Amino acid sequence: MSDKQLRLGVPKGSLQEATIKLFDKAGWQIRTHHRNYFPDVNDPELKCSLARAQEMAMYVQNGTFDVGLTGKDWIMEWDADVVVVDDLIYSKVSNRPARWVLCVKGDSPFKRPEDLDGCKVATELVGFTKGYFDSLGVNVDVSFSWGTTEAKVVEGLCDAIVEITETGTTIKANGLRVIAELMQTNTQLIANKESWEDPWKRKKIQNINMLLQGALRADKMVGLKMNMPKQALKEANGTLPALTSPTVAELKDPDWLSVEIIVDESVVREIIPRLKELGAEGIIEYPLNKVI
């Protein structure tokens, strides 16, 4: 075992599976155990622990972890004094920021936040919600919700809720209506300030971030490799996207080339037919783990 170790906090709960999958693509195989908060990892320089994303910023701030992953929302909720290393735009649903929204019942008379003066609001994000309404000069009673927040407004236990959503599906399914968006949030890689000042730990954190970003960048990209007539390459260069320019290699047949490009997966269905029109043969599509 290495004489130096970085203590990594992995978010337990809804982001756990997506986080472990991301690290796996980046080169770290994190393997959890039933009823155990200390996963194994294939790196002797890392020690992993599971912790709720809601508490991660606190644990990184007090030095329990050197580095961890949590939402921007929970960093703000704790007003945590940590180093934000970088954004990591990923989630269990989609690679886009989630939103904290203010919701009321579909048949409620409330149209805007100011209409809730004197009302009850339930949320898990208590501190931020209080600050939001204070900034509007609106007096509301904000209470902590332990979960199933949508049901509280449906059952009349509160007048409105502040809840997180990515697609809005659950909110609509419960017959609720969004009247305001309070903030957007995404996962961030954060570090303890003292750990960040340690040269070895900072370098290790930066390397982890670089590879995680590379894995995220590769998530929706693929490689295309093919044989192409040499005379068609100039026309292909004008129409085919790539990170910089296609990688081209000579083949034994002087009239043909081996061409390789990296493209967004969403355009492959348009590119492959075009390649065939240009005379390309043996087109291979392959997934990518990282793009650095």
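Residues numbered from 1 in each chain as written. Predicted model: local features only at pLDDT ≥ 70, side-chain atom pairs only at ≥ 80, totals over all residues. Heavy atoms only, no water.

Labelled according to an unreviewed UniProt entry, the protein chain appears under the name ATP phosphoribosyltransferase, originating from Paucidesulfovibrio gracilis DSM 16080. The UniProt entry for the protein chain carries the following comment under Cofactor (unreviewed entry): "Mg(2+)". (UniProt positions renumbered as here; feature names shortened; annotations may be inferred.)

Here the focus is the domain arrangement of the protein chain. Parsing the protein chain into structural domains produces domain 1 (6-90 + 187-218), domain 2 (98-184) and domain 3 (220-287). Centre-to-centre separation of domain 2 and domain 3, based on C-alpha positions: 51 Å. (Domains from an automatic or database assignment.)

Moving on, we come to the sheet that holds strand 4 (residues 46-52). Taken together, the 5 strands give an open sheet; going across it, the order is 4-1-5-12-6, and neighbouring strands pair in mixed fashion. Two strands lie at the open edges of the sheet, namely strand 4 and strand 6 (83-88), each paired on one side alone. For this sheet, the mean angle separating the axes of adjacent strands, direction not counted, is 30°. Across 2 bridges, the pairing between strand 1 (residues 6-12) and strand 5 (residues 67-71) is parallel. Each bridged residue has a counterpart across the sheet, and for Leu8 the counterpart in strand 5 is Val67. Across the face of the sheet, helix 1 (residues 16-26) comes into contact with strand 1, strand 4 and strand 5 while running at roughly 135° to strand 1. (Pairing = 2+ DSSP bridges. Helix = DSSP H or I, 4+ residues; strand = E, 2+ residues; numbered from the N terminus. Axes fitted to C-alpha atoms, helices over the stretch in contact; angles between N-to-C directions. Contact = heavy atoms within 4.5 Å.)

For helix 4 (residues 126-136), every residue scored as buried is listed here: Val126, Phe128, Thr129, Tyr132 and Phe133. In this structure, the buried residues of helix 4 make contact with helix 3 (72-78), strand 7 (98-105), strand 8 (120-123), strand 9 (141-144), strand 10 (160-165) and strand 11 (176-185). Taken from the residues just after helix 4, Gly137 is the one with a positive phi, measuring 75°. (Buried < 20%, exposed > 50% of the residue type's maximum accessible area, 1.4 Å probe, protein only.)

All right, on to the sheet that holds strand 10 then. Strand order in the open sheet made by the 5 strands is 9-8-10-7-11, with mixed pairing throughout. Sheet topology places strand 9 and strand 11 at the edges, where each strand pairs with a single neighbour. Averaged over all adjacent pairs, the angle separating strand axes in this sheet is 25°, with direction ignored. Bridge count between strand 7 and strand 10: 5 bridges; the pairing is antiparallel. Paired with Arg99 across the two strands is Thr165, which belongs to strand 10.

This part takes up helix 1. Extensive coverage of helix 1 is indicated by the burial of 8 of its 11 residues. Those residues of helix 1 not exposed but buried are Gln16, Ala18, Thr19, Ile20, Leu22, Phe23, Lys25 and Ala26. Buried residues in helix 1 make contact with strand 1, strand 2 (30-33), strand 4, strand 5 and helix 8 (199-218). One or two residues past the end of helix 1 sits Gly27, with phi positive at roughly 120°.

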